[in-house]
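A look at the structure
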Amino acid sequence: QVQLQESGGGLVRAGGSLRLSCAASGRTFSSDAMGWFRQAPGKEREFVAAITWSGGRTYYTDSVKGRFTISRDNAKNTVYLQMNSLKPEDTAVYYCAAAGAMTTLRALYRYWGQGTQVTVSS
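In short, a report on the structure. Here the structure is a predicted model, which means the values were calculated and not measured. (Residues numbered from 1 in each chain as written. Predicted model: local features only at pLDDT ≥ 70, side-chain atom pairs only at ≥ 80, totals over all residues. Heavy atoms only, no water.)

Another aspect to go through is unusual backbone geometry. One can expect most non-glycine residues to show negative phi and most peptide bonds to be in trans. In the Ramachandran plot, Asn77 falls in the positive-phi region, its phi being about 55° despite a non-glycine side chain. With respect to the helices, strands and loops of the structure, Asn77 is situated in the loop between strand E7 (68–73) and strand E8 (78–83). Given a relative accessible area of 16%, Asn77 falls into the buried group. Even without being a glycine, Ser85 presents a positive backbone phi close to 50°. Under the relative-accessibility criterion, Ser85 is labelled partly exposed at 40%. (Helix = DSSP H or I, 4+ residues; strand = E, 2+ residues; numbered from the N terminus. Buried < 20%, exposed > 50% of the residue type's maximum accessible area, 1.4 Å probe, protein only.)

Taken as a whole, this structure holds one disulfide when the rule is applied. Each sulfur in the disulfide pair Cys22 and Cys96 lies 1.9 Å from the other. What sets the handedness of the Cys22 and Cys96 disulfide is the S-S torsion sign, and at about 50° it is right-handed. Taken together, the residues span a long stretch of sequence, with Cys22 in strand E3 (residues 18–25) and Cys96 in strand E9 (residues 92–99) at a distance of 74 residues. Judged by its relative accessible area of 1%, Cys22 falls in the buried class. (Disulfide = S-S within 2.5 Å.)

Within the structure shown, the criterion is met by six aromatic pairs. Where Phe37 meets Tyr109, the ring centres are 5.0 Å apart and the plane angle is 80°; that geometry is what we call edge-to-face. Here Tyr109 lies in strand E10 (residues 109–112) and Phe37 lies in strand E4 (residues 33–39), a separation of 72 residues in the sequence. Like Phe37, the residue Tyr109 is buried in the burial classification. Centre to centre, the rings of Phe47 and Tyr59 are 6.0 Å apart; their planes meet at 35°, and the pair counts as tilted. Here Tyr59 lies in strand E6 (residues 58–60) and Phe47 lies in strand E5 (residues 46–51), a separation of 12 residues in the sequence. Here Tyr59 falls in the partly exposed class, since its relative accessible area comes to 43%. (Phe/Tyr/Trp six-rings, centres within 6.5 Å; stacked < 30°, edge-to-face > 60°.)

All right, on to the pairing of strand E1 (residues 3–7) then. The alternating pattern of E1 places Leu4 and Glu6 on a buried face, while none of Gln3, Gln5 and Ser7, on the opposite face, is buried. Where E1 lies against E3, five bridges are found, and the strand directions are antiparallel. Considered in E3, the bridge of Glu6 is made with Cys22. (Pairing = 2+ DSSP bridges.)

For the rest of this paragraph, the subject is the nonpolar core. Counting 26 residues, the largest nonpolar core has Trp36, Leu81, Met83 and Tyr94 as its most contacted members. Looking at this core, the elements with two or more residues in it are E3, E4, E5, E7, E8, E9 and strand E11 (116–121). With six residues, the next largest nonpolar core counts Phe37, Phe47, Ala97 and Ala99 among its residues. (Core = buried A, V, L, I, M, F, W, Y, C linked by side-chain atoms within 4.5 Å.)

Take a look at the structure:
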């Protein structure tokens, strides 16, 4: 059974940091692009960041550029999202996902985790 499991979410004050992890099991994702999305209450799920299978290229939505960093360790079948300088508007459930190629399009991601809650207080 293919699974993506996120961890590392929690409650943090504005300006703080969190590091999310997404561990894959059931198959290797070393040839897949990986992405992070988030969904705030009452809003659609939105793209946050993505990384190519090799880790050589990354892409971020404008609102997180310079604050978030996506990375991966293919030996551990794990992708990370380092989030610094967090803002209350970053509050959401964060999901990791796998796609055949790096993309911002939610529909092209084939595998999804269950999500981890990130709450940033002001």
